[in-house]
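Close look at the chain arrangement
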Amino acid sequence: MIIKATKVKSIRHADILAKHLLRTDENELVEVVQIRGTARPDDLAASLRSMQRATELTQGKTGLFHVAINPREHEADEMTPEQWEHTLQAIEKEFELVGQPCALTKHTKHGRSHIHAVYQLTNTEKGKLIDIKNDYYRCIKLGINLEKELSHELTSRERSRKSY
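Let us look at the structure shown here.

1. Examining the packing of aromatic side chains
All chains considered together, the criterion is met by two aromatic pairs. When the ring of Y136 is compared with that of Y137, the centres are 5.1 Å apart and the planes differ by 90°; the resulting orientation is edge-to-face. The exposure class assigned to Y136 is partly exposed, which follows from its relative accessible area of 39%.

As structure tokens, then:
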């Protein structure tokens, strides 16, 4: 399972991310699974902008944490809703994002399903950003652990544009 993360640092980039997540020309299926913790749970772009604007409560700029969860094609098709939920909970626990506003989308591209999760990094109760250090290495470790837990085939971790 490949888990990749990126950080979003502006309203403009939040809009670009929303357009990417809703692209039907590159994906056979696009489904907004859930938007939680925002005032506009029916509008992905407005929700991402709102989550990014929450950084104005802090001295920071990075307001969103975008995580793409990519199991192998045959493993993604066999994953139950409970296994997808377990994967999301593991990510939230690893990066201390439990309870944060989040938007989830599911894509099917070339017959392979994968999920995108976008989290708000501002903890509005504390008025501080959640610190996401070493996300690249933490995502690799998390992917390996989840493959073992879910009895998936271990993915090669060689750096390349195509992992499968």
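2. Considerations on the pairing of strand β3 (residues 64-70)
With seven of its seven residues buried, β3 lies for the most part within the structure. Residues L64, H66, A68 and N70 point to one face of β3 and F65, V67 and I69 to the other, with burial holding for every one of them. Where strand β1 (residues 2-8) meets β3, seven bridges bridge the pair, whose relative direction is antiparallel. Looking at the pairing, A5 lines up with V67 of β3. Pairing of β3 with strand β5 (residues 112-120), which is carried by six bridges, proceeds in the antiparallel orientation. Looking across to β5, one finds that A68 is bridged to H116.

3. As for unusual backbone geometry
A negative phi angle is the norm for most residues apart from glycine, just as the trans form is the norm for most peptide bonds. The backbone phi angle of H110 is positive, close to 55°, even though this residue is not glycine. Inspection of the secondary structure puts H110 in the loop between β4 (102-109) and β5. By relative accessible area, H110 is classed as exposed at 64%. Unusually for a residue other than glycine, N134 sits at a positive phi of about 55°. Owing to a relative accessible area of 55%, N134 belongs among the exposed residues under this scheme.

4. Description of the packing of helix α1 (residues 11-21) against helix α2 (residues 44-53)
Interhelical geometry of α1 versus α2 gives an angle of 150° and a closest axis separation of 9 Å. Considered as vectors, α1 and α2 are oriented roughly antiparallel to each other. Like other packed secondary-structure pairs, α1 and α2 cross with a definite hand, here right-handed. On α2, the residues that touch I11, A14, D15, L17, A18 and L21 of α1 are L44, A45, L48, R49, Q52 and R53. Here the contact of α1 with α2 is built from residues that sort into eight nonpolar, one polar and three charged.

5. Quick word on the environment of H114
One can find H114 in strand β5. Looking at H114, the relative accessible area reads 6%, which means it is buried. Sequence-wise, H114 and I2 are 112 residues apart; in three dimensions their C-alpha atoms are separated by 9.9 Å. A distance of 3.3 Å separates polar atoms of two side chains, one belonging to H114 and the other to H116.

About the thresholds
- Residues numbered from 1 in each chain as written.
- Predicted model: local features only at pLDDT ≥ 70, side-chain atom pairs only at ≥ 80, totals over all residues.
- Heavy atoms only, no water.
- Phe/Tyr/Trp six-rings, centres within 6.5 Å; stacked < 30°, edge-to-face > 60°.
- Buried < 20%, exposed > 50% of the residue type's maximum accessible area, 1.4 Å probe, protein only.
- Helix = DSSP H or I, 4+ residues; strand = E, 2+ residues; numbered from the N terminus.
- Pairing = 2+ DSSP bridges.
- Axes fitted to C-alpha atoms, helices over the stretch in contact; angles between N-to-C directions.
- Parallel < 35°, antiparallel > 145°, perpendicular 65-115°, else oblique.
- Left-handed = near helix turned anticlockwise from the far one by under 90°.
- Contact = heavy atoms within 4.5 Å.
- Nonpolar A, V, L, I, M, F, W, Y, C, P; charged D, E, K, R; others polar.
- Polar contact = N/O pair within 3.5 Å; in protein donor to acceptor, adjacent residues only side chain to side chain.

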